Amino acid sequence: MSADTGSDASRIHNIGYRSYDGVRLGRAYARRSLYSQSLRGSFGLGRSAKSKVLPMLLCGVMCLVALIIVAVAMATPNMTELPLKYTSFAIYLQAVIGLFVASQAPQSVSRDLRFKSVPLYFSRPIERVDYVLAKLGAMASALFVLTGLPLLILYVGALLAKFDLADQSKWFGQGMVSVALLSVLFAGLGLVVAALTPRRGFGVAAVIAVLTITYGAVSTVQGIAWSTGSASAVPWLGLFSPITLIDGVQTAFLGASSAFPGGEGPGAAAGVVYLLVVLALVVGSYAVLMRRYRRVGL
Amino acid sequence: MIATESLSKRFPRVTALDRLTLDIGPGVTGLVGSNGAGKSTLIKILLGLSPATEGRAAVLGLDVATEGAAIRERVGYMPEHDCLPPDVSATEFVVHMARMSGLPPTAARERTADTLRHVGLYEERYRPIGGYSTGMKQRVKLAQALVHDPQLVLLDEPTNGLDPVGRDEMLGLIRRVHSDFGISVLVTSHLLGELERTCDHVVVIDGGTLLRSSSTSEFTQTTTTLAVEVTDSDEHPDGTHALRRVLADAGVTLLGLDGLDAEGLPGAGHILLLEATGEETYDLVRDSVAGLGLGLIRMEQRRHHIAEVFRSEAAPQAAAVATAGAGTGTEGKRS
């Protein structure tokens, strides 16, 4: 709408209200948008400079460690494989992963709860299931980037160092499956804990507690069990903390060497139990999140 | 725009809506009710977020029970409470909400810039929302409800927490949402007075039932109450009382002193409430005050609160309240 007053240069634009008659892309698009916004947000993209610091730093640490390992492998003569298994990488750097979940899961869900933005989402075409899936998917994807990127660096490094291609590819694949499982599990647990409290600080502390304290407790008890001669209990104790669960699954099925005391990882039978527990936790997290948002309406 | 038919919502212990039948047409409609009258429950049902216990409701001709998603695509909602994250700018936030409504990225950005300008946010829209005043936050909340160019917006207590100037600005803005943008509005409030000036039509609900539904002009006609306050003089030590006598002789219906009934204690209140039937009542008051030689301190139209609707509902002349063209339904039978 413009009122033409002669020449083009002197056109006066009427800045009155313009209605929108373009396309409306609906629910699936809204879900994708929420997913990408949350995923970017996990790395501080599209947020303030301050909120980029921690996730970028943690991601940098992961990649730097991978680069150092590659450098060592290349510099050492007569190496035929990397000094560290792909599957062990995430286990060694679990503290970094834990910090990432603890800082970003509350950012992703507690904010909407605390500032009561949730009703704004639910007054739009998306529904509860879309919101939960988008948030869960975004967190898992962010974790997969965080844990998968260093593995990719290791793999490329291994290939540049002319290690055996078939072996490396197989191990790399196993590593990727393992971190994918880890990402989904940690994302589910992190979001459930974070969604239970609208306070971000509590959320951070609670996630750290769930991830690290359980690991501390489990590995201590495992150590005691192993040194007192009841080594058979060691694999079963690993069921009680997220990271040892992943350790168990990959030891049983993905050719990893267990970080349990004495390398007493679970066998195939116990491995099935591990896998079932992991799946139950993931499904359980989803169910709890769905429940959590049931009554957050207007 | 909105039609409900004996809509009820019962919770285990309370009945939030009780067989509510409404028919709301295009324009600005005020939904008035005290806290807990069922306003928010009604909005929740209209958005298709909460199933009704019984009865039916349709928004824009779409059934709330089965076509909730389609309704939510074409309706905007502004919640009563604070809902804005403080660490992002208004632009970022509204763009995100536009995309949540299904607008493609480019359109989302254009519509956000337009909408924020229309609600009166300019350079400050690039600053984090945390630093905004209440008035600015309310504008952002309104913008996110309008950004996808809905056919209808539901505004829940948009004037909450605003000072008188901010209140007037917000009411003016709401008026423009319909007159300039062509978007119909359902606005809730617990103050009837402020909606009278903004709305074409007012619906009063209480305890989940319809108390009254009529166009604003009828409302003001039947309920205009004039408050008059005068000085005392040596000749008339109780000016209010003297004026009361004169006006009563002239046939004006006195509604009583402020807070008291017509036979209230003389001198207990100094504000005389009377029913204004038209221009002539104003003239009569002016002439009577001048004739008595008193000073007129104030003569104003009273803002009506829900309580007054109750009172006039009980009075016999309330039966004369006709339901407006768009509004029908069971006139609240409260006894």
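About the cut-offs
- Residues numbered from 1 in each chain as written.
- Chains lettered and ligands numbered in written order.
- Predicted model: local features only at pLDDT ≥ 70, side-chain atom pairs only at ≥ 80, totals over all residues.
- Helix = DSSP H or I, 4+ residues; strand = E, 2+ residues; numbered from the N terminus.
- Buried ≥ 20, exposed ≤ 12 C-beta atoms within 10 Å, placed from the backbone.
- Contact = placed C-beta atoms within 7 Å.
- Pairing = 2+ DSSP bridges.
- Axes fitted to C-alpha atoms, helices over the stretch in contact; angles between N-to-C directions.
- Nonpolar A, V, L, I, M, F, W, Y, C, P; charged D, E, K, R; others polar.
- pLDDT = per-residue confidence, 0-100.
- Core = buried A, V, L, I, M, F, W, Y, C linked by C-beta atoms within 7 Å.
- Parallel < 35°, antiparallel > 145°, perpendicular 65-115°, else oblique.
- Left-handed = near helix turned anticlockwise from the far one by under 90°.

So, the overall build of chain A
Okay, so step 1: Scanning chain A from N- to C-terminus turns up eleven helices and two strands.
Okay, so step 2: Secondary structure elements in chain A, listed N-terminal to C-terminal, are β-β-α-α-α-α-α-α-α-α-α-α-α.
Okay, so step 3: Expressed as lengths along the three principal axes of its C-alpha atoms, the size of chain A is roughly 90 × 50 × 30 Å.
Okay, so step 4: Across the 298 residues of chain A, 44% fall into the buried class.

Points about the overall build of chain B
Okay, so step 1: Each helix and strand in chain B was counted, giving eleven helices and 14 strands.
Okay, so step 2: Classification of the 335 residues of chain B by burial places 43% in the buried group.
Okay, so step 3: Considering only contacts in chain B between residues 6 or more positions apart, those separated by 24 or more positions represent 69%.

Regarding the sheet that holds strand E6 (residues 75-78) of chain B
All names here are of chain B.
Okay, so step 1: The mixed open sheet is built from six strands, whose spatial order is E6-E7-E8-E3-E9-E10. This sheet does not close on itself; its edge strands, each paired only once, are E6 and strand E10 (209-215). Neighbouring strand axes in the sheet, compared pairwise and without regard to direction, differ in orientation by 15° on average.
Okay, so step 2: As judged from the four bridges shared by E6 and strand E7 (residues 152-155), these two strands associate in the parallel manner.

Some words on the interface of chain B and chain A
Okay, so step 1: In this assembly, 35 residues from chain B lie in contact with 31 residues from chain A.
Okay, so step 2: Elements supplying a minimum of two residues to the side of chain B that touches chain A: helix H1 (39-46), helix H2 (68-74), helix H3 (90-100) and helix H4 (105-118) of chain B.
Okay, so step 3: Of the residues contributing to the side of chain B that touches chain A, the split by class is 15 nonpolar, ten polar and ten charged.

Quick word on the confidence of the model for chain B
Low-pLDDT portions of the prediction should not be read for the details of their coordinates.
All names here are of chain B.
Okay, so step 1: Within chain B, residue pLDDT values average 82, and 83% of them lie at 70 or more.
Okay, so step 2: Element-level pLDDT for chain B is lowest in helix H11 (residues 306-314), with a mean of 50, against a maximum mean of 96 in E7.
Okay, so step 3: A low-confidence stretch, residues 259-268 (pLDDT under 50), is modelled with 16 contacts involving residues beyond four sequence positions or located in other chains.
Okay, so step 4: Confidence drops under a pLDDT of 50 for residues 313-335, and excluding neighbours within four residues, the segment shows 43 contacts in the predicted structure.

A few points about the nonpolar core
Okay, so step 1: Of all hydrophobic cores here, the largest spans 148 residues; its most connected members are A:Leu191, A:Val207, B:Leu46, B:Val94 and B:Val153.
Okay, so step 2: The next biggest cluster of nonpolar side chains, apart from the first, holds 13 residues, and it includes B:Val228, B:Leu247, B:Val252 and B:Leu273.

Remarks on unusual backbone geometry
Excluding glycine, residues mostly have negative phi values, and the peptide bonds linking residues are mostly trans.
Okay, so step 1: If you check the backbone angles, A:Asn78 has positive phi at about 60° while not being a glycine.
Okay, so step 2: Residue placement: A:Asn78 occurs in the loop between helix H2 (49-75) and helix H3 (86-92).
Okay, so step 3: Take A:Asn78: there are 4 C-beta atoms within 10 Å of it, and that puts it in the exposed class.
Okay, so step 4: Backbone geometry at B:Asp149 places phi at a positive 50°, although glycine is not the residue there.
Okay, so step 5: Among the secondary structure elements, B:Asp149 is positioned in the loop between helix H5 (134-146) and E7.
Okay, so step 6: With 24 C-beta atoms counted inside 10 Å, the residue B:Asp149 sits in the buried group.

Description of the sheet that holds strand E2 (residues 15-24) of chain B
Residue and element names in this part refer to chain B.
Okay, so step 1: With respect to topology, four strands assemble into an open sheet ordered E2-E1-E4-E5, the strand pairing being antiparallel. With partners counted over all chains shown, the strands left at the sheet margins are E2 and strand E5 (62-63), one partner each.
Okay, so step 2: Across the sheet, H1 is in contact with strand E1 (2-10), E2 and strand E4 (54-59); its angle to E1 comes to roughly 115°.

Observations concerning helix H9 (residues 239-249) of chain B
Owing to its 3.6 residues per turn, the α-helix brings residues three or four apart onto one side.
Okay, so step 1: Residues B:Gly239, B:Thr240, B:Ala242, B:Leu243, B:Arg244 and B:Leu247 constitute the buried set of H9(B).
Okay, so step 2: Positive backbone phi, approximately 90°, marks B:Gly251, located one or two places after H9(B).

A closer look at the pairing of E10(B)
Residue and element names in this part refer to chain B.
Okay, so step 1: Most of E10 is tucked away, with seven of its seven residues classed as buried.
Okay, so step 2: As judged from the six bridges shared by strand E9 (residues 201-206) and E10, these two strands associate in the antiparallel manner. The residue bridging Asp 206 from the neighbouring strand is Thr 209, located in E10.
Okay, so step 3: In sequence, E9 turns back onto E10 through a hairpin of two residues, with Gly 207 there showing a positive phi of about 55°.

So, the environment of A:Gly216
Okay, so step 1: Here A:Gly216 shows up in helix H8 (residues 200-227).
Okay, so step 2: Sequence separation between A:Gly216 and A:Ser241 is 25 residues; the distance between their C-alpha atoms is 8.8 Å.

A few points about H1(B)
Okay, so step 1: Of all eight residues making up H1(B), eight are buried, and the element is well covered by its neighbours.
Okay, so step 2: Two residues or fewer after H1(B) comes B:Gly48, characterised by a positive phi angle close to 75°.

Here's the deal with the packing of H2(A) against helix H6 (residues 128-160) of chain A
Residues and elements named next belong to chain A.
Okay, so step 1: Remark: H2 packs on H6, axes separated minimally by 9 Å, with the N-to-C direction vectors making an angle of 15°. Looking at the two axes, H2 sits roughly parallel to H6. Read as a crossing pair, H2 and H6 show a hand that is right-handed. Only Leu 146, Leu 149, Pro 150, Ile 153, Leu 154 and Gly 157 of H6 make contact with H2, whose side of the interface consists of Cys 59, Met 62, Cys 63, Val 65, Ala 66, Leu 67, Ile 69, Val 70 and Ala 73.

Regarding the confidence of the model for chain A
Okay, so step 1: For chain A, per-residue confidence averages 89 on the pLDDT scale, and residues scoring 70 or more make up 94% of the total.
Okay, so step 2: Counting interchain partners and residues more than four positions distant, the pLDDT-below-50 stretch residues 1-7 of chain A has eleven contacts.

Here's the deal with the pairing of E4(B)
Residues and elements named next belong to chain B.
Okay, so step 1: With five bridges connecting them, E1 and E4 associate as antiparallel partners. Considered in E4, the bridge of Glu 5 is made with Arg 56.
Okay, so step 2: Note that E4 and E5 share two bridges and pair antiparallel. Bridge pairing in E5 places Ala 58 opposite Asp 63.
Okay, so step 3: Here E4 folds back onto E5, and the loop between the two strands holds two residues, one of which, Leu 60, carries a positive phi near 55°.

Overview of the packing of H8(A) against helix H10 (residues 242-253) of chain A
The relative placement of two packed helices comes down to the angle between their axes together with the axis-to-axis distance.
All names here are of chain A.
Okay, so step 1: In the contact formed by H8 and H10, the axes pass within 7 Å of each other and the chain directions differ by 65°. Each of Leu 211, Thr 214, Tyr 215 and Val 218 in H8 lies in contact with H10, whose residues at this interface are Pro 242, Ile 243 and Thr 244.
Okay, so step 2: Looking at the contact of H8 with H10 residue by residue, the classes come out as five nonpolar, two polar and no charged.

Things to note about the environment of B:Leu47
Okay, so step 1: Among the secondary structure elements, B:Leu47 is positioned in the loop between H1 and E4.
Okay, so step 2: Sequence separation between B:Leu47 and B:Leu171 is 124 residues; the distance between their C-alpha atoms is 23 Å.
Okay, so step 3: Excluding its chain neighbours within four sequence positions, the residues that come into contact with B:Leu47 are A:Ser123, B:Gly68, B:Ile71, B:Arg72, B:Val75 and B:Tyr77.

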